[in-house]
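Overview (structure and organization)
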Amino acid sequence: MVEINIKVDVPEGLRADFEIALAKVVEQFLDNLKISALQSRLESDEEKELIDWSVKLGRGAKKDSFKKILLKISPKTKEELLGSMSPKERRKYE
(Lines give C-alpha, C1' and ligand atoms only; values in the text may rest on other atoms or scores of the structure.)
Protein backbone atom coordinates (compact mmCIF):
# COMPACT_ATOMS: atom_id res chain seq x y z
CA MET A 1 0.00 0.00 0.00
CA VAL A 2 1.30 3.47 -0.86
CA GLU A 3 0.40 6.66 0.96
CA ILE A 4 -0.36 9.78 -1.04
CA ASN A 5 -0.46 13.21 0.60
CA ILE A 6 -2.49 16.05 -0.90
CA LYS A 7 -2.51 19.54 0.59
CA VAL A 8 -5.78 21.45 0.34
CA ASP A 9 -6.53 24.81 1.97
CA VAL A 10 -9.86 24.51 3.77
CA PRO A 11 -11.38 26.96 6.28
CA GLU A 12 -10.86 25.70 9.82
CA GLY A 13 -14.60 25.45 10.48
CA LEU A 14 -15.05 23.01 7.57
CA ARG A 15 -11.97 20.86 8.22
CA ALA A 16 -13.73 17.97 10.00
CA ASP A 17 -16.57 17.83 7.47
CA PHE A 18 -14.09 18.06 4.60
CA GLU A 19 -11.99 15.18 5.95
CA ILE A 20 -15.07 12.97 6.30
CA ALA A 21 -16.33 13.85 2.81
CA LEU A 22 -12.88 13.34 1.29
CA ALA A 23 -12.52 9.95 2.96
CA LYS A 24 -15.88 8.88 1.48
CA VAL A 25 -14.92 10.12 -1.99
CA VAL A 26 -11.58 8.30 -1.89
CA GLU A 27 -13.26 5.10 -0.64
CA GLN A 28 -15.80 5.25 -3.48
CA PHE A 29 -13.02 5.93 -5.99
CA LEU A 30 -11.09 2.87 -4.81
CA ASP A 31 -14.24 0.73 -4.98
CA ASN A 32 -14.81 1.92 -8.55
CA LEU A 33 -11.22 1.00 -9.46
CA LYS A 34 -11.70 -2.50 -8.03
CA ILE A 35 -14.98 -2.95 -9.92
CA SER A 36 -13.38 -1.74 -13.13
CA ALA A 37 -10.49 -4.19 -12.72
CA LEU A 38 -12.94 -7.06 -12.10
CA GLN A 39 -15.01 -6.13 -15.14
CA SER A 40 -11.90 -6.12 -17.31
CA ARG A 41 -10.95 -9.52 -15.96
CA LEU A 42 -14.44 -10.94 -16.58
CA GLU A 43 -14.33 -9.73 -20.18
CA SER A 44 -10.93 -11.30 -20.86
CA ASP A 45 -10.53 -14.14 -23.37
CA GLU A 46 -9.24 -16.41 -20.61
CA GLU A 47 -12.38 -15.88 -18.53
CA LYS A 48 -14.65 -16.41 -21.55
CA GLU A 49 -12.89 -19.72 -22.27
CA LEU A 50 -13.36 -20.78 -18.65
CA ILE A 51 -17.06 -19.91 -18.77
CA ASP A 52 -17.55 -21.84 -22.03
CA TRP A 53 -15.72 -24.85 -20.58
CA SER A 54 -17.80 -24.80 -17.40
CA VAL A 55 -21.09 -24.51 -19.33
CA LYS A 56 -20.13 -27.48 -21.52
CA LEU A 57 -19.12 -29.48 -18.44
CA GLY A 58 -22.41 -28.67 -16.71
CA ARG A 59 -24.49 -29.58 -19.74
CA GLY A 60 -22.65 -32.87 -20.11
CA ALA A 61 -23.13 -33.72 -16.45
CA LYS A 62 -26.82 -32.84 -16.67
CA LYS A 63 -27.28 -35.06 -19.72
CA ASP A 64 -25.48 -38.00 -18.07
CA SER A 65 -27.51 -37.60 -14.87
CA PHE A 66 -30.75 -37.49 -16.85
CA LYS A 67 -29.79 -40.68 -18.70
CA LYS A 68 -29.12 -42.45 -15.39
CA ILE A 69 -32.47 -41.31 -14.02
CA LEU A 70 -34.27 -42.59 -17.11
CA LEU A 71 -32.78 -46.05 -16.51
CA LYS A 72 -34.19 -46.17 -12.99
CA ILE A 73 -37.76 -44.92 -13.50
CA SER A 74 -40.84 -46.70 -14.75
CA PRO A 75 -41.57 -46.81 -18.48
CA LYS A 76 -44.70 -44.71 -17.93
CA THR A 77 -42.78 -41.93 -16.15
CA LYS A 78 -40.04 -42.13 -18.75
CA GLU A 79 -42.61 -41.67 -21.51
CA GLU A 80 -44.08 -38.65 -19.70
CA LEU A 81 -40.66 -37.03 -19.40
CA LEU A 82 -39.65 -37.70 -22.98
CA GLY A 83 -43.09 -36.90 -24.40
CA SER A 84 -42.57 -33.15 -24.27
CA MET A 85 -39.29 -33.31 -26.20
CA SER A 86 -38.87 -32.96 -29.91
CA PRO A 87 -38.21 -36.23 -31.79
CA LYS A 88 -34.60 -35.19 -32.33
CA GLU A 89 -34.01 -34.53 -28.61
CA ARG A 90 -35.91 -37.65 -27.65
CA ARG A 91 -33.62 -39.90 -29.71
CA LYS A 92 -30.66 -38.81 -27.58
CA TYR A 93 -32.21 -40.50 -24.56
CA GLU A 94 -33.76 -43.61 -26.08
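As a starting point, this report considers the structure included with it. (Residues numbered from 1 in each chain as written. Predicted model: local features only at pLDDT ≥ 70, side-chain atom pairs only at ≥ 80, totals over all residues. Heavy atoms only, no water.)

1. Remarks on the overall build of the protein
For clarity, the threshold we go by: In this description a helix means any DSSP run of H or I spanning at least four residues, a strand means any run of E spanning at least two, and both kinds are numbered starting from the N terminus. Radius of gyration: C-alpha atoms only; globule rule: 2.2 Å multiplied by the number of residues to the exponent 0.38. The buried label goes to any residue with under 20% of its type's maximum accessible area, the exposed label to any with over 50%, and the partly exposed label to all in between, with areas taken from a 1.4 Å probe on protein chains only. We count Lys and Arg on the positive side and Asp and Glu on the negative side, and we leave His and both chain ends out. A charge is said to be at NZ when it belongs to Lys, at CZ for Arg, at CG for Asp and at CD for Glu.
The helix and strand tally for the protein stands at four helices and zero strands. Helices (α) and strands (β) of the protein occur, in sequence order from the N terminus, as α-α-α-α. Here the C-alpha radius of gyration of the protein, 29 Å, is well above what a compact globule of 94 residues would show, namely 12 Å. With 94 residues in all, the protein has 4% of them scored as buried. Averaging the positions of the 19 positive and the 18 negative side-chain charges in the protein gives two centres separated by 15 Å.

2. What about the layout of surface pockets?
Where we set the bar: Both site types are read off a 1 Å grid over the protein atoms alone. A 1.4 Å probe that fits but cannot get out defines a cavity, while an open set with protein on both sides within 12 Å along at least five of seven lines defines a pocket; lining residues have an atom within 4 Å of a point. Grid points are joined across faces, edges and corners, and a volume is the space filled by probe spheres set on the points. Ten residue types, Ala, Val, Leu, Ile, Met, Phe, Trp, Tyr, Cys and Pro, are classed as nonpolar, four, Asp, Glu, Lys and Arg, as charged, and the remainder, Gly among them, as polar.
The volume enclosed by the largest pocket comes to roughly 530 Å³. For the largest pocket, the lining is made up of 16 residues, of which Ile4, Asn5, Ile6, Leu22 and Val26 are closest to its centre. Here the lining of the largest pocket is built from residues that sort into 11 nonpolar, one polar and four charged.

3. Focus: the pattern of salt bridges
In plain terms, the rule: Take a side-chain nitrogen of Lys or Arg and a carboxyl oxygen of Asp or Glu: if they are within 4 Å of each other, that pair is a salt bridge.
Under the criterion given, the structure shown has two salt bridges. Across the pair Glu19 and Arg15 runs a salt bridge, and its minimum N-O distance is 3.1 Å. Of this pair, Glu19 and Arg15 both sit in helix α1 (residues 15-42), four residues apart, which is roughly one turn of that helix. Taking the relative accessible area as the measure of exposure, Arg15 reaches 47% and is therefore partly exposed. Taking the shortest distance from any N to any O, the salt bridge between Arg90 and Glu79 comes out at 2.6 Å. Taken as a pair, Arg90 in helix α4 (residues 87-91) and Glu79 in helix α3 (residues 75-83) lie far apart in primary sequence, 11 residues in all.

4. Focus: the environment of Pro87
Within the fold, Pro87 resides in helix α4. Along the primary structure Pro87 and Leu50 are separated by 37 residues, whereas in three dimensions their C-alpha atoms are 32 Å apart.

The values reported here are purely geometric and, on their own, carry no functional implication.
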